[in-house]
Amino acid sequence: MKPPPFVYHAPATLDEALETLAEAGPEGKILAGGQSLIPLLNMRLAAPAHIVDINRVAGLDTLRLDGGVTAGPLVRHSRAERDPGVHALQPLLRQALRLVAHPVIRNRGTLAGSVAHADPAAEIPAVLVLLDGTVELVRRGGRRTVAAADFFTGPLESSAEPGELVNSVFFPALRPGTGTAFEEIARRHGDFALAGVAARVTLDPGGHVTHAAVTCVGVGPVPIRLDVTEYGAAAPAGEPDWRHAARAVQAAIAPETDIHATADYRRHLTAVLTGRALRAATTRARAHPAVPPPTPTSRRPGSAPPAAGPEAALLRPAEGPPAPPAGAGGTLPHAEVSLHAGSEGAGPGAVAPGGTGEGHSVVVEVNGVVRGARVPGRRLLSDFLRHDLRLTGTHVGCEHGVCGCCTVLLDGEPVRSCLTLAVTVTGRAITTVEGLADGEEMSPVQRAFAECHALQCGFCTPGFLCTATALLRDNPRPTEEEVLEGVSGNLCRCTGYQNILRAVRRAAELMAGEG
Amino acid sequence: MFGRPVRRKEDPRLLTGRGRFLDDLGHDALAAAFVRSPHAHARITGIDVSGALDVDGLVAIYTWEDLEGPVAEPLPLLIPHPELTAGRTPYALARDVVRHVGEPVAMVVARDRYLAEDAAGLVEVGYDPLPPVVGVENAAAGERLVHGDVPGNVAARMTQENGDARAAIEAAPHTLAFRLDIERSASTPLEGRGVYARWDADDASLRVYSSTQTSTSVRMALAAKLGLPLPKVEVIAPDVGGGFGVKIMHPWPEEVLVPWAAMRLGREVKWAEDRREHFVASAHERAQVQYVRVGFDDAGRVLGLDVNILHDNGAYIPYGLIVPIITSTQVPGPYKIGAYRVEFTSLYTNTVIVTPYRGAGRPQAVFCMERTMDRIAAHLGLDRAEVREANFIRPDEFPYDQGLTFQDGRPLIYDSGDYPEALRMLKELIGWDGFPEVKAAAAREGRRLGIGLGCYVEGTGVGPYEGGHVHVTTDGRVHVSTGLTSQGQGHETVFAQIVAEELGVPVEDVTVVTGDTRRFAYAVGTFASRAAVMSGNAIALAAREVREKALRVAAEALEADPRDLEIAGGEVRVAGVPGSGVPLATVAVLANPLRYAFDEEAARATQFAAPASPDEPPLTGEPGLEARGYYSPVRSTFAAGMHAAVVETDQDTAEIRVLRYAVVHDCGRLINPMIVEGQIHGGVAQGVAGALYERMAYDDHGQLLNASFMDFLMPYATEIPHVETAHLETPSPLNPLGVKGAGEAGVIPVSAVLASAIEDAEDLPITRMPLSPADLHHLRHAPPP
Ligand SMILES: Cc1cc2nc3c(=O)[nH]c(=O)nc-3n(C[C@H](O)[C@H](O)[C@H](O)COP(=O)(O)OP(=O)(O)OC[C@H]3O[C@@H](n4cnc5c(N)ncnc54)[C@H](O)[C@@H]3O)c2cc1C
Ligand code: FES
Ligand code: FES
């Protein structure tokens, strides 16, 4: 499972990217996070003649908080998920992002990529549609903005034309008196949903429903949005009964049967989830009342309050930045977030990729040592590490992003090396399992794995070690749930995970010097 | 050492990225890729390679036409059986007809795997599609044939009977009849298969690395296929990233073709299977339809049991009838069945071949028996545990003869066990008796809970034999080798523990090599939970021989009676007198009389160093402090266990969550409890996977619809319950160490246990596994039968 040959382009500017895209036409594909595109390439389900890697284009990672969240093409899921400003402005994003794949996938995947990919089971398109968001498309010599409702045209199909790039995605801010929720059922945690429902409910100060809508995923060719205001508005204040809404939604969708679920079951689930999501959104709407907010102040990310979960936001609404007044987009405070993380060009020994032909010079700092090789554009980072640099500790178990065996740290963040082109990350720092120990002294995570018998065949182990190392660096005292979530994107066929979970907790103890 | 949770010797290398898995070797080797059939059943009308010839880096493309001699013949039928009258095996590359999606049609060799895949994609194969046979019932209908010369698609039909089951059922006060369905699943190790071959033309010798569960047999198969003298072939299993059964199958087409191409090309060639290939071109297991009839008395005692099994063996049957034989003989489990009759029909379908997957037919057997027990309990309104209790073989009834012939061709006689005690422990562990209150309390909160249990007996440690070699070198270190292989079971540690115990040396001084025919050429392989029993005992016997030799040699040096000596702390000494003896290292030196001294130690063994009796030969027996031991059991040893689970089913979404999972396990004496627990955790996880998540979804055309980890739902940590374990030890009287196998135990009863628990929660009969939320939803809303 290796990508087919293609001509690789790594433009440095947006203009250059658009120029290349214009020339490539339908034969060109944009590479952003690669978390959807590279699995398709590896399985040879897609074979574009040209790959235009935008990871090196400066300025595409802008995240603007201005009447809503405006995400440039390189705003990664994980960043939008963690950003407290984003959460305060539009909590539905974090609610949805936590359901998108696994944390490691979200470290690479982009909001714009999710939208452009237009998977009908994906969460972000549903969020965009529910919020009446917009998509800004640019092409050589042109620019247009498309309403979310018009953007998605079919499964994996959108109104973006060849040569067009999603330059930004705009998610309008949460309005006062509004609550949101995202509920879904997936077979495994992190899988695409069998069915999912995003809901938005607005209450007037008296607690009456003034607006309610849902968007369903996984049950049609595109995210399906339905207005259910009438079912809530009929109810007395504070007591909307959403059962009729659920039934109406169930009647309005026409899902399909596949190997995971029948159409009937999907319809049933959508009704259940509609009820759950509307109830949760109503509760949140009540906690986010439509009273005039305190005076808005401009805020830079440095001064942001600590990240707050949806519950925290619910309990302490005043701590987040104020919500903009309804319909007052133009007069809103402007908070442009400056960006350090995520730009691919920086780092030790940065080397521009060798133009468009075969044979690109890739230089990376691996485990503290600068190493390089000339490789074809399609060489996967996993193969580059294993076969070009002969660091075979990183393993390959699926080459489509699911097993996690290939997880390495890219500038400290865990990523799937099988879903990353080597040439994309030239100039950056990589840590593999070989780099976790301090000389002959194993790291606390490695020692804990041995102590807790957290490995049998050892094939999955390098991926778990890298994932756990980053997890404990960012969160030295994780709860059991955080440990579980942290390693939930890695498969192990041998251990049943019990000892792996124990080992991660044990590693935290060892790192805290309690061992 | 024996019985202690010694930390694993294999871990430091695996934790630091220094393991050596198949694809970690041979960086400069050429890469192989395969053109595989996209059709489940088709006649090949032509193969056009011209489009691929321009691929830069292409070295060779082979089709069946290019094969010669035994390589061009069908692959071997590994385990012949008198009832297997229509055994069919594939060619290494398809000849004329393809019989499943994924069957190899052409082999491409190129500079790297990217280029090999490019070229493979450009080979054009013409196919004339034939009607596919998918599903065991379609196969049994026999309207379409997988092999034109196998009528009814029947590879074999086999019956075993102990007593007159049908008459017993007729005469019984109560009878029940029902059907059970178990779907396909697969071992799915995270490392796929892989082969790397080096041909030394000057030496006319071949070295093959294979990610296999049996290197010794791969070696013999390759020597036969490639026409090489056995001493010129070496096969090594490097670190193997999981096996779970699928890697016991051999020689795979690729396993023959890669070395064959290496010889032809005079170049190193490697093939590392990718995930998609693993789904469509390795092996699956489990799929069966079972028709059960049972007669029982008022106490729930089974008077007669008649089971008819349709077993899906896939497109070919190279591994023989092992899986259905195990199913048929392990149905009785821990119970005394009045009279038992079992018949299976092993049927060809146009799907991937079926070979053992951890449990190897036992999960199906236990599903059958335990669903039957629950049905009986429900029918009589009895407690499910009580019905099992009423049927148990009692502890004083061992050895117990089930009156059947097991997979090793030997009588099915249980060696030891204590089933009532295991059940008592299990009920206590899970809180069986108090569960009705728990369930009622949950119901008051609007939650639906259920409890279930399942019991099994597992024949482990099947023969014919394994061997072990123990060698104390002159530095005092102990080198152990055995021919069977390791895929994560911790053999390096467990076998070192056994030797450390026998020789009285620290476990750190013992190193173990498995699966390397250069070190040990006689072996069977790792499967059927047999490693600890077979190699463990063989190594123990070898170590005991080394020990005797050490005592003899040391006795001479110390001028003592060997019977007064012991080995402890790495020296041979007068029993109980530390410091009185000679280091084991020195004994090793003395055990090999020398003429030439290459170091100071060696000088001690030269002919003028020690005054030896001039009338005795300098060497008695064999030189060196080493010995080989073999262990060959009369028959299998029978481990047992009982599992229980508490599940919660969501009233609205039909999601199924396992809240608690309890295991009582008896594998005789425990060598390393930490490792045994790990085996159980992993087995239970695979069991949960098979019960709730994993299946091979074939459509009517024989296309595997979920040939990826996106859609084959191997569970993550978030889906697997915490496992609570308790151990019972009834040592096996059959072998010196008193051990029984543990490798498969965890997986065996899980489907049965979860079915039992879901049935309890839902009050709906559960007759199929796996069960998805969608399945449960439809069961809830199915019209009453
Ligand atoms: C194991 C796994 C599980 C997953 N589970 C989920 C899930 O549960 N829910 C979910 O929503 N997603 C899931 N995903 C997909 C993941 O979220 C993707 O990252 C995301 O959908 C695409 O973002 P990307 O930046 O990686 O896009 P890429 O893979 O780089 O690109 C995807 C497509 O969009 C195009 N594209 C990308 N950026 C632009 C742009 N700026 N302008 C125009 N076209 C562009 C590309 O050309 C390509 O066609 C999963 C992925 C994996 C590997
Ligand atoms: S996730 Fe990269 S190999 Fe499986
Ligand atoms: S230890 Fe074998 S896959 Fe995890």
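Residues numbered from 1 in each chain as written. Chains lettered and ligands numbered in written order. Predicted model: local features only at pLDDT ≥ 70, side-chain atom pairs only at ≥ 80, totals over all residues. Heavy atoms only, no water.

## Quick notes on the interface of chain B and chain A
1) Next: Counting from both sides, the interface comprises 77 residues of chain B and, opposite them, 74 residues of chain A.
2) Next: In total, about 6400 Å² of surface goes out of reach between chain B and chain A, with carbon and sulfur atoms giving 58% of it.
3) Next: If you sort the residues of chain B by the area they bury against chain A, L15(B), Y114(B) and Y716(B) come out on top, with a joint share of 15%.
4) Next: Inspection of the chain B/chain A interface yields 11 salt bridges.
5) Next: Of the charged contacts in the structure, one is a salt bridge between R386(A) and D24(B), with a shortest N-O distance of 2.9 Å.
6) Next: Applying the counting rule to chain B against chain A returns 43 residue pairs in polar contact (both at pLDDT 80 or more).
7) Next: Elements that contribute at least two residues to the side of chain B that touches chain A include exactly α1 (11–15), α2 (113–122), α7 (275–281), α17 (673–693) and α19 (773–781) of chain B.
8) Next: It is α17(B) that contributes the most residues to the side of chain B that touches chain A, 11 residues altogether.
9) Next: When grouped by side-chain class, the residues that make up the side of chain B that touches chain A number 32 nonpolar, 22 polar and 23 charged. (Contact = heavy atoms within 4.5 Å. Buried area = accessible area lost by both parts, 1.4 Å probe. Salt bridge = Lys/Arg side-chain N within 4 Å of Asp/Glu carboxyl O. Polar contact = N/O pair within 3.5 Å; in protein donor to acceptor, adjacent residues only side chain to side chain. Helix = DSSP H or I, 4+ residues; strand = E, 2+ residues; numbered from the N terminus. Nonpolar A, V, L, I, M, F, W, Y, C, P; charged D, E, K, R; others polar.)

## Description of the sheet that holds strand β26 (residues 637–649) of chain B
All names here are of chain B.
1) Next: The four strands lie next to each other as β18-β26-β27-β28, forming an open sheet whose pairing is mixed. In the strand order of this sheet, the two ends are held by β18 (448–460) and β28 (723–727), each with one partner. Geometrically, the sheet is characterised by an average inter-axis angle of 15° between neighbouring strands, direction not taken into account.
2) Next: Here strand β27 (residues 656–666) runs beside β28; their pairing, made up of five bridges, is parallel. Residue pairing across strands places Y661 opposite V723, the latter belonging to β28. (Pairing = 2+ DSSP bridges. Axes fitted to C-alpha atoms, helices over the stretch in contact; angles between N-to-C directions.)

## Overview of the side chain of E10(B)
Residues and elements named next belong to chain B.
1) Next: As for its position among the elements, E10 is in the segment before α1.
2) Next: Buried within the structure, E10 lacks any salt-bridge partner; its nearest side chain of opposite charge belongs to R8, at an N-O separation of 4.3 Å.
3) Next: For E10, the side chain forms a polar contact with the side chain of T493, separated by 2.4 Å.
4) Next: When near neighbours in sequence (up to four residues on either side) are disregarded, E10 contacts G490, H491, E492 and T493. (Buried < 20%, exposed > 50% of the residue type's maximum accessible area, 1.4 Å probe, protein only. Lys, Arg positive; Asp, Glu negative; His and termini not counted.)

## With respect to the confidence of the model for chain A
1) Next: Model confidence for chain A is summarised by a mean pLDDT of 88, while 86% of its residues fall at 70 or above.
2) Next: Here residues 292–357 of chain A is a poorly scored stretch, pLDDT under 50, and it has 104 contacts once near neighbours within four places are set aside; other chains count. (pLDDT = per-residue confidence, 0-100.)

## Things to note about helix α16 (residues 461–474) of chain A
Residues and elements named next belong to chain A.
1) Next: Here α16 contains 14 residues, and its C-alpha end-to-end distance of 20 Å stays within 8% of the 20 Å for a straight helix at 1.5 Å per residue.
2) Next: When you tally the buried positions in α16, you get 11 out of 14 residues, the bulk of the element.
3) Next: Within α16 the residues assigned to the buried category are T461, P462, G463, F464, L465, C466, T467, A468, A470, L471 and L472. (Expected span 1.5 Å × (residues − 1).)

## Looking at unusual backbone geometry
All names here are of chain B.
1) Next: The step from H250 to P251 runs through a cis peptide bond, and the omega angle for that step is -20°.
2) Next: For P251, the position within the fold is in the loop between β11 (233–236) and α6 (253–265).
3) Next: In this structure, P770 follows M769 across a cis peptide bond, with omega equal to 0°.
4) Next: Secondary-structure assignment places P770 in the loop between β29 (768–769) and α19.

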